[in-house]
Every structure is written in C-alpha cells, then in structure tokens.
Amino acid sequence: MVSLDEVKRIASLARLAVTDEEAEQFAAELSKILGFAASIRELDTTNVPSTTHVLDIVDVWREDEPGKCVDRDTALAQAPAAEEGCFIAPKIV
C-alpha cells in the first residue's frame with residue numbers, strides 16, 4: 001500500500017500541488033498499479049521468448065532506385081547565387 005506521505009513526496013518531487021483528497025485517491029490508484037505489477041512478476045515466463053516488440057516488424061521501405069535528376073547547371077541557374085558549381089548561401093553562425 002502506498003502511503004499518503006509517499007504520494008505527497010512524489011508530488012513534491014514532480015512539483016505538483018495535491019490536496020489531501022487527491023493524495024488519498026492517488027495512493028489507492030498507485031497501490032492498485034503496483035499490485036498489478038507484482039502479480040505479473042509471479043507469472044512463469046521461463047518458456048516465453050524475449051521480445052522487443054509485440055507485433056512483427058516488417059520493413060516498409062521501397063528499394064532505392066535512381067530516378068530522373070536535375071543536372072547541376074539547371075539547378076544552379078535557378079539559385080539566387082552560385083559560384084564555381086556550388087550554391088552560395090549566407091553564413092549562419
């Protein structure tokens with residue numbers, strides 16, 4: 001059982017203001033959550049394989065295939081400033 005003092009300490013650490021009624025409610029809710037977690041720990045999982053994801057992960061990426069590209073001269077012709085085959089951009093510090 002989570003005590004009222006523990007709830008108030010946790011609320012203080014989280015910089016939350018809680019009333020006594022809220023502290024009582026949170027103490028009951030946290031106790032239920034911790035009780036549930038304790039019941040899960042009692043399950044026999046020796047034959048259950050470890051998983052990192054509940055669902056199977058499928059790669060959704062397409063193959064990387066080269067497509068039509070704009071040549072350098074066309075791209076640089078549309079730039080506000082270019083020099084020696086490169087874009088000129090303002091210095092950002």
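Residues numbered from 1 in each chain as written. Predicted model: local features only at pLDDT ≥ 70, side-chain atom pairs only at ≥ 80, totals over all residues. Heavy atoms only, no water.

Engineer: Can you break down the environment of Asp20 residue by residue, with the values?
Structural biologist: Positionally, Asp20 belongs in helix 2 (residues 20-41). Sequence-wise, Asp20 and Pro49 are 29 residues apart; in three dimensions their C-alpha atoms are separated by 44 Å. (Helix = DSSP H or I, 4+ residues; strand = E, 2+ residues; numbered from the N terminus.)

Engineer: Please provide a residue-by-residue account of the side chain of Ser31, values included.
Structural biologist: Its place among the elements puts Ser31 in helix 2. Taking the relative accessible area as the measure of exposure, Ser31 reaches 18% and is therefore buried. In terms of polar contacts, Ser31 uses its side chain to reach the backbone carbonyl oxygen of Ala27, at 2.8 Å. Contacts of Ser31, omitting those with residues within four sequence positions, involve Met1 and Val2. (Buried < 20%, exposed > 50% of the residue type's maximum accessible area, 1.4 Å probe, protein only. Polar contact = N/O pair within 3.5 Å; in protein donor to acceptor, adjacent residues only side chain to side chain. Contact = heavy atoms within 4.5 Å.)

Engineer: So what's going on with the environment of Leu4? Which residues, and what values?
Structural biologist: Summarising the element assignment, Leu4 is placed in helix 1 (residues 4-13). Distance from Leu4 to Thr45, taken between C-alpha atoms, is 34 Å for residues 41 residues apart in sequence. Apart from the residues lying within four places of it in its own chain, the contact partners of Leu4 are Ala23, Glu24 and Ala27.

Engineer: Would you mind going over unusual backbone geometry in detail, with residue names and values included?
Structural biologist: For Arg15, which is not glycine, the phi torsion reads 60° and is therefore positive. Position of Arg15 relative to the elements: it lies in the loop between helix 1 and helix 2. On the basis of relative accessible area, Arg15 is assigned to the exposed category, the value being 72%. Positive phi, normally seen in glycine, also occurs at Glu84, with a value near 50°. For Glu84, a relative accessible area of 74% gives the class exposed.

Engineer: Any details on a negative patch on the surface? Residues and values, ideally.
Structural biologist: Together, Asp59, Glu63, Asp64 and Glu65 make up a negatively charged patch on the protein surface. Summarising the element assignment, Asp59 is placed in the loop between helix 2 and helix 3 (72-77). (Patch = residues over 30% accessible without salt bridge, like charges linked within 9 Å, V, L, I, M, F, W, Y side chains within 5 Å. Areas by Shrake-Rupley, 256 points an atom, 1.4 Å probe, with all protein chains shown as cover. Salt bridge = Lys/Arg side-chain N within 4 Å of Asp/Glu carboxyl O. Lys, Arg positive; Asp, Glu negative; His and termini not counted. Charge placed at Lys NZ, Arg CZ, Asp CG, Glu CD.)

Engineer: How would you summarise a nonpolar patch on the surface if you had to cite specific residues and measurements?
Structural biologist: A surface patch of nonpolar side chains, amounting to about 340 Å² of accessible area, comprises Ile10, Phe26, Leu30 and Ile33. Ranked by residue count, the leading element in the nonpolar patch is helix 2, at 3 residues. With respect to the helices and strands, Ile33 occurs in helix 2.

Engineer: Quick one: what's the story with the confidence of the model for the protein chain, residue by residue and with numbers?
Structural biologist: Here the protein chain averages 91 in pLDDT, and 100% of its residues register 70 or above. Helix 3 is the least confidently modelled element of the protein chain, averaging 91 in pLDDT, while helix 1 averages 95, the highest of any element. (pLDDT = per-residue confidence, 0-100.)

Engineer: Explain the packing of helix 1 against helix 2 residue by residue, including any values.
Structural biologist: Put simply, helix 1 and helix 2 touch, their axes get as near as 9 Å, and they point 105° apart. If you check the angle between helix 1 and helix 2, you find them roughly perpendicular. Counting all contacts with helix 1, which are made through Leu4, Val7 and Lys8, the residues of helix 2 involved are Asp20, Ala23, Glu24, Phe26, Ala27 and Leu30. Grouping the constituent residues of the contact of helix 1 with helix 2 by class yields 6 nonpolar, no polar and 3 charged. (Axes fitted to C-alpha atoms, helices over the stretch in contact; angles between N-to-C directions. Parallel < 35°, antiparallel > 145°, perpendicular 65-115°, else oblique. Nonpolar A, V, L, I, M, F, W, Y, C, P; charged D, E, K, R; others polar.)

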